[in-house]
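# Observations on the model geometry
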Amino acid sequence: MRNDRVVAVVGEPGAGKTALATLALRTVRPRERLLNARPPAPDDVGSWLRLWTPELGKTDTCVVVSDVDALPAWAASSLAVRT
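Rules used in this analysis
Position numbers for residues count from 1 along each chain, tracking the sequence in the order it is written. Given that this is a predicted model, residues contribute local features only at a pLDDT of at least 70 and side-chain atom pairs are listed and counted only at 80 or more, while totals for whole chains, interfaces and linings are drawn from all residues. In computing side-chain values, all of the structure's heavy atoms are included and hydrogens and water are not. What is meant by a nonpolar core is a set of buried Ala, Val, Leu, Ile, Met, Phe, Trp, Tyr and Cys residues, joined one to another through side-chain atoms within 4.5 Å. For every residue, the accessible area (1.4 Å probe, protein chains only) is compared with the maximum for its type, and the residue is labelled buried under 20%, exposed over 50%, or partly exposed between those bounds. The way it works is that DSSP assigns letters per residue, a run of H or I at least four long becomes a helix, a run of E at least two long becomes a strand, and they are numbered from the N terminus. Throughout, a residue-residue contact means that at least one pair of heavy atoms, one from each residue, lies within 4.5 Å. Between N or O atoms, a polar contact is any pair within 3.5 Å; within protein, one atom must be a potential hydrogen donor and the other a potential acceptor, and residues adjacent in sequence are included only when both atoms are from side chains. Residues forming no salt bridge and having over 30% relative accessible area are the ones grouped into patches, like charges within 9 Å of each other and nonpolar side chains (Val, Leu, Ile, Met, Phe, Trp, Tyr) within 5 Å. For every accessible area listed, the method is Shrake-Rupley and the probe measures 1.4 Å; residues are considered covered only by the protein chains on display. For salt bridges, the criterion is a side-chain nitrogen of Lys or Arg within 4 Å of an Asp or Glu carboxyl oxygen.

The protein is annotated in an unreviewed UniProt entry as ATP-binding protein of Lentzea kristufekii.

This is the structure in structure tokens:
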């Protein structure tokens, strides 16, 4: 995070991965805007991507995508390309 890199937090469900990512961000960049995006229903993935994709390029915003493994592979790839 400190070097503006994509960070992946992996672990068991309920282990506190989102809380860990949030705490790390608040430690490194306490004034940065933090958004938590959870995957949508399968029928809403296209509109969900259109909603969140513009946030990925903002320098003062961090987007935490929870449960990314629930996204279709094409959607996860689309997010990865835009970061």
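A few words now on the nonpolar core. Listed in full, the 10 residues of the largest apolar core are Leu35, Ala37, Val45, Trp48, Leu49, Trp52, Val63, Leu71, Ala75 and Leu79. Looking at this core, the elements with two or more residues in it are β1 (33-37), α2 (45-56) and α3 (73-82). A total of four residues in this core trace back to one element, the largest contributor, which is α2. Not counting chain neighbours up to four residues away, the residues in contact with leucine 49 comprise Pro54, Trp74, Ala75, Ser78 and Leu79.

A separate point is the environment of lysine 17. With respect to the secondary-structure elements, lysine 17 resides in helix α1 (residues 17-28). Once the C-alpha coordinates of lysine 17 and threonine 27 are considered, the two residues, 10 residues apart in sequence, prove to be 15 Å apart. Ignoring sequence-local partners within four residues, the contact set of lysine 17 consists of Val9, Val10, Gly11 and Glu12. A polar side-chain atom of lysine 17 sits 3.4 Å from the main-chain carbonyl oxygen of glycine 11.

Quick look at a nonpolar patch on the surface now. A surface patch of nonpolar side chains, amounting to about 240 Å² of accessible area, comprises Val7, Val9 and Leu20. As for its placement among the helices and strands, valine 9 is situated in the segment before α1. For valine 9, a relative accessible area of 32% puts it in the partly exposed group.

Let's shift gears to the pattern of salt bridges. All chains considered together, the criterion is met by four salt bridges. Salt-bridge contacts for glutamate 32 lead to arginine 29; the nearest nitrogen and oxygen are separated by 3.7 Å. A salt bridge links glutamate 55 to arginine 33, with the shortest nitrogen-to-oxygen separation between them at 2.2 Å. One end of the pair, glutamate 55, is in helix α2; the other, arginine 33, is in strand β1, with 22 residues separating them in the sequence. Taking relative accessible area as the criterion, glutamate 55 reaches 13% and is therefore assigned buried. Residue classification places arginine 33 among the partly exposed positions, given a relative accessible area of 38%. It is possible to trace a salt-bridge network through shared partners that takes in Arg33, Glu55 and Lys58.

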